[in-house]
Amino acid sequence: MIRRRSSAAILAAAITLLGLVAGCGDPTVIRVIDGVPTQGRFISYEAYAYYARGTEAEAHGDLPLAITLYRGAAENDAKSVEVWTRLGAASCASPDALAFAGEAFTRAEELDPTYEPLARARARCAADTGHLAEALKHAAHAVALDPGQDEAVLLYASLLERTGRVADAERTLDALVIERPTSVQGWLARYELALRLHDAVTAERAARALRQRAPRLATRVAAEVPALAPLAEVDAALRAGDLDAARKAARRAHLPAPELAVRAAALGLPRLARDQAELVLGADPSSNSARIALAVAADLSGDTALLATALDAPKDTPTVAPSPLARLLFTDLLGRRAGRDAARAFAGADLVSPDTPSSDPLLEAARKRVRALLAPSSKGA
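These figures come from a predicted structure and were not determined experimentally.

Undergrad: Just give me the short version of the packing of aromatic side chains, but keep the residues and values in it.
TA: Under the criterion given, the structure shown has two aromatic pairs. Where Tyr51 meets Tyr70, the ring centres are 5.8 Å apart and the plane angle is 45 degrees; that geometry is what we call tilted. Of the two residues, Tyr51 sits in helix H2 (residues 45-59) while Tyr70 sits in helix H3 (residues 63-76), which places them 19 residues apart along the sequence. Ring centres of Phe330 and Phe346 lie 5.1 Å apart, and the angle between their planes is 70 degrees; on these two criteria the pair is classed as edge-to-face. With Phe330 in helix H19 (residues 324-337) and Phe346 in helix H20 (residues 340-346), this residue pair connects regions lying 16 residues apart in the sequence. With relative accessibility at 18%, the residue Phe330 sits in the buried group. Classification of Phe346 as partly exposed rests on a relative accessible area of 33%.

Below you can see the structure in the form of structure tokens.
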């Protein structure tokens, strides 16, 4: 009991002391931020409520309501640099309240001139109102206050570009992605700047980083950067002579295994076409696409024995129709080995002159060759 009374007395004394300390100035509170107790100013519930509703209204595009609510927050917490900054930014975005933006920013600066979001908000406001030189100055200040803030760096780079300092913008973004290579926004900004500058090499480098760090953007960058199209990566690996890499790329592109052999044959790579075709046929003798790829590989290599073997399909084995690219390759092979009439008999009009061209350049190149092969000669052949 004595111990309990002592504890109670100590607690009462502590409460009294805290009351005395609070009475000497602004009351303070302890907040836990990321598990770390931090002492800060007391903020009234009214200020919190106004501010929270203001941010919600701003997010929904209701600027007049947001400004009204931020004013309410400022009336209840006039010492909040964050409230005055948000009020200035919202006022700047509203034509009817634009004149008040400068006053709100000035109040914020008086409270804390080192508050980085304030410098960033002033930069955006100046840029939106056509004062690019002033915007650039505020953006540079924001970066100086917090170099680790991606939004500040990205804003600064965009303003450098808009003011004609493109090389500086490139260097700024390069520094960002070097220092923070996991920054998706940094890589995206670098990628988009490279596209605007028609810098294919940098665009591809940034696109590869984006695809790795933000898979949701993979479809977009593949459409915008031809070298990153799924089939282009398959063909690039084949041209490099790396069949393992080509197989991995084919899986990413959802390209069937027989078609990988066909593409190798279409690229004039007999060794790779043969290796892949024999692997496929060993598991599935019914694949006509793989069989055609093997025949073309044999023809390219001058291996007549292998060509005969490839064309000798096992009896009583159901076969799968070859792909359009495989059919074109076989038409071309027939033209070389058996003549134009045999090739013309095998090919169909839908194959040579389809209603809709393919987006696959390899397929279109093969179609062009076959079209030239089957075209009547000057002698009417």
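Undergrad: With reference to specific residues and values, describe the layout of surface pockets.
TA: Here the second largest pocket is characterised by a volume of approximately 270 Å³. Contributing to the lining of the second largest pocket are 14 residues, with Ala89, Pro117, Arg120, Ala121 and Arg124 lying nearest its centre. The set of elements that each furnish at least two residues to the lining of the second largest pocket consists of helix H4 (81-92) and helix H6 (116-128). Sort the elements by how many residues they give to the lining of the second largest pocket and H6 lands first, with six residues. Here the residues of the lining of the second largest pocket are counted per class, giving eight nonpolar, one polar and five charged.

Undergrad: So what about the pattern of salt bridges? Which residues, and what values?
TA: As enumerated under the stated definition, the model contains 31 salt bridges in all. Among the ionic pairs, Arg122 bridges to Glu109, the shortest N-O distance being 2.8 Å. Residue Arg122 is located in helix H6, and its partner Glu109 is located in helix H5 (residues 98-111); the two are separated by 13 residues in the primary sequence. The class of Arg122 is buried, set by a relative accessible area of 19%. Put simply, Asp341 and Arg344 hold a salt bridge, and the shortest N to O gap is 3.3 Å. With Asp341 and Arg344 both in helix H20 and three residues apart, the pair spans about one turn of that helix. When its relative accessible area of 59% is taken as the criterion, Asp341 is described as exposed. One connected set of salt bridges, linked through shared partners, spans Glu204, Arg208, Arg211, Glu233 and Arg252.

Undergrad: How would you summarise the packing of H2 against H4 if you had to cite specific residues and measurements?
TA: As a packed pair, H2 and H4 sit with axes 12 Å apart at the nearest point and diverge in direction by 25 degrees. Considering the angle they form, H2 stands roughly parallel to H4. Crossing geometry of H2 relative to H4 is assigned as left-handed. In this structure, H2 uses Tyr51, Thr55 and Glu58 to contact H4, whose residues at the interface are Glu82, Val83, Arg86 and Ala90. Here the residues of the contact of H2 with H4 sort into three nonpolar, one polar and three charged.

Undergrad: Which residues make up the nonpolar core, and what values go with them?
TA: Judged by nonpolar contacts, the single largest core of 46 residues is most densely connected at Val234, Leu238, Leu260, Leu325 and Leu329. In terms of residue count, helix H17 (residues 288-301) provides more of this core than any other element does, eight residues in total. Apart from the residues within four sequence positions on either side, Leu325 is in contact with Glu259, Val262, Arg263, Ala266, Leu362, Leu363 and Ala366. In this structure, Tyr51, Leu63, Trp84 and Phe100 belong to the second largest nonpolar core, which totals 25 residues.

Undergrad: Now, about helix H14 (residues 243-252): what can you tell me, with residues and values included?
TA: Looking at H14, one finds that the buried residues are Leu243, Ala246, Ala249 and Ala250. Viewed end-on, H14 has its buried residues packed into an arc of 115 degrees, placing them on one side of the element. Exposed and oriented more than 90 degrees from the buried face of H14 are Asp244, Arg251 and Arg252. By the N-cap criterion, in which a side-chain oxygen at the helix start approaches the backbone nitrogen of a residue two or three places on, H14 is capped by Asp242, the distance to Asp244 being 3.3 Å. Just downstream of H14 lies His254, where phi reads positive at about 55 degrees.

Parameters at a glance
- Residues numbered from 1 in each chain as written.
- Predicted model: local features only at pLDDT ≥ 70, side-chain atom pairs only at ≥ 80, totals over all residues.
- Heavy atoms only, no water.
- Phe/Tyr/Trp six-rings, centres within 6.5 Å; stacked < 30°, edge-to-face > 60°.
- Helix = DSSP H or I, 4+ residues; strand = E, 2+ residues; numbered from the N terminus.
- Buried < 20%, exposed > 50% of the residue type's maximum accessible area, 1.4 Å probe, protein only.
- 1 Å grid on protein atoms, 1.4 Å probe; cavity = no way out; pocket = protein on both sides within 12 Å on 5 of 7 lines; lining within 4 Å.
- Points joined across faces, edges and corners; volume = space filled by probe spheres on them.
- Nonpolar A, V, L, I, M, F, W, Y, C, P; charged D, E, K, R; others polar.
- Salt bridge = Lys/Arg side-chain N within 4 Å of Asp/Glu carboxyl O.
- Axes fitted to C-alpha atoms, helices over the stretch in contact; angles between N-to-C directions.
- Parallel < 35°, antiparallel > 145°, perpendicular 65-115°, else oblique.
- Left-handed = near helix turned anticlockwise from the far one by under 90°.
- Contact = heavy atoms within 4.5 Å.
- Core = buried A, V, L, I, M, F, W, Y, C linked by side-chain atoms within 4.5 Å.
- Arc of directions from axis to C-beta.
- Polar contact = N/O pair within 3.5 Å; in protein donor to acceptor, adjacent residues only side chain to side chain.

Function-wise, these values are silent; they only describe arrangement.
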